[in-house]
Amino acid sequence: MSESVSDAELVERFPWVQITHDSKFHFRGWLDKQLLINRCADCGNWHHPPKPVCPVCWSENLVPTEVDGTGTIHLAMALHQGAPAPGVDYAKGPHPVVAVDLDGADGVRFSSTVIGLPPEEVVIGLPVELDWVERYGHPFPVFRKREA
Ligand SMILES: [Zn+2]
């Protein structure tokens, strides 16, 4: 389905992110609820956000690769104010923002929010898994607590 979306349409669908030639595959993946992370086919290094060349070996042989989205919270913050976004209501309490170490993609930390938990339970070391919510009518990747 996302294959048929032009670059211009992609930019229209995600007005709050900066989409470049290097990152458009990543946001196109969101439309199919796939979290695609660049992996270097030459040295195996993963990196995010997307870059035009591998930051380790400078290869241009990069392959957008779907990750299953499980991981561990590396960094957790509670925002008390910020830019308006659908589903974010600072009046109801702080909005959690996390950086998650993704399983199977060494060195990649993906930043988003956590749903379904009170802010005080969003802590470093918590196992989480990917989920999707709607933002501006399109899928947006978030995390929720992963039950052991
Ligand atoms: Zn490489």
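Residues numbered from 1 in each chain as written. Predicted model: local features only at pLDDT ≥ 70, side-chain atom pairs only at ≥ 80, totals over all residues. Heavy atoms only, no water.

Draft legend 1. Fine view of unusual backbone geometry. Residue P49 is bonded to the preceding H48 through a cis peptide linkage, with omega at 0°. Despite not being glycine, W58 shows a phi value in the positive range, around 65°. With respect to the element layout, W58 can be found in the loop between β2 (46-47) and β3 (62-66). Taking relative accessible area as the criterion, W58 reaches 68% and is therefore assigned exposed. A positive phi angle, near 50°, is found at Y136, a position not held by glycine. Looking at the secondary structure, you find Y136 in the loop between β7 (127-135) and β8 (138-145). (Helix = DSSP H or I, 4+ residues; strand = E, 2+ residues; numbered from the N terminus. Buried < 20%, exposed > 50% of the residue type's maximum accessible area, 1.4 Å probe, protein only.)

Draft legend 2. Local environment of the coordination of the zinc ion. For the zinc ion, the full set of protein donor atoms is C40 (SG), C43 (SG), C54 (SG) and C57 (SG), and the range of their distances to it is 2.3 to 2.4 Å. Angles of 104 to 117° at the metal separate the four donor atoms of the zinc ion, which places the site in the tetrahedral class. Motif for the zinc ion, donor spacing along one chain: C-x2-C-x10-C-x2-C. (Donors = N, O, S within 2.8 Å, 3.2 Å for Na, K, Ca; no water. Tetrahedral: all angles 85-135°; square planar, octahedral: opposite > 155°, others 65-115°.)

Draft legend 3. Spatial organisation of the sheet that holds strand β4 (residues 71-79). Pairing in this open sheet of five strands is antiparallel, and the strands run β6-β5-β4-β7-β8 from one edge to the other. Of all strands in the sheet, those with a lone pairing partner are β6 (109-112) and β8, marking the two edges. Strand-to-strand twist across the sheet, computed as the mean angle between neighbouring axes with direction ignored, equals 30°. As paired elements, β4 and β7 share two bridges and run antiparallel to each other. Note on β7: the bridge partner recorded for T72 is P127. In the packing of helix α2 (residues 24-31) onto the sheet, contacts are made with β6, β7 and β8, and the angle to β8 comes to roughly 80°. (Pairing = 2+ DSSP bridges. Axes fitted to C-alpha atoms, helices over the stretch in contact; angles between N-to-C directions. Contact = heavy atoms within 4.5 Å.)

Draft legend 4. Up close: the domain arrangement of the protein. Taken as a whole, the protein is organised into domain 1 (1-66) and domain 2 (68-148). Here the C-alpha centre of domain 2 lies 20 Å away from the C-alpha centre of domain 1. With 14 residues of domain 1 at the contact, the number on the domain 2 side is 15 residues. Here domain 1 meets domain 2 over a buried area of about 1400 Å², counting both sides, of which 78% is carbon and sulfur. The interface formed by domain 1 and domain 2 holds zero salt bridges in total. There are one residue pair in polar contact (both at pLDDT 80 or more) connecting domain 1 and domain 2. Every element with two or more residues in the side of domain 1 that touches domain 2 is listed here: α2 and β2. If you tally residues by element for the side of domain 1 that touches domain 2, the top one is α2, at three residues. Of the residues assigned to the side of domain 1 that touches domain 2, the class counts are seven nonpolar, four polar and three charged. (Domains from an automatic or database assignment. Buried area = accessible area lost by both parts, 1.4 Å probe. Salt bridge = Lys/Arg side-chain N within 4 Å of Asp/Glu carboxyl O. Polar contact = N/O pair within 3.5 Å; in protein donor to acceptor, adjacent residues only side chain to side chain. Nonpolar A, V, L, I, M, F, W, Y, C, P; charged D, E, K, R; others polar.)

Draft legend 5. Representation of the nonpolar core in the model. Among the nonpolar cores identified, the biggest contains 28 residues, and W30, L35, I37, I73, L102 and F143 are the most heavily contacted of them. Here this core spans two domains, and each of domain 1 (1-66) and domain 2 (68-148) adds at least three residues to it. (Core = buried A, V, L, I, M, F, W, Y, C linked by side-chain atoms within 4.5 Å.)

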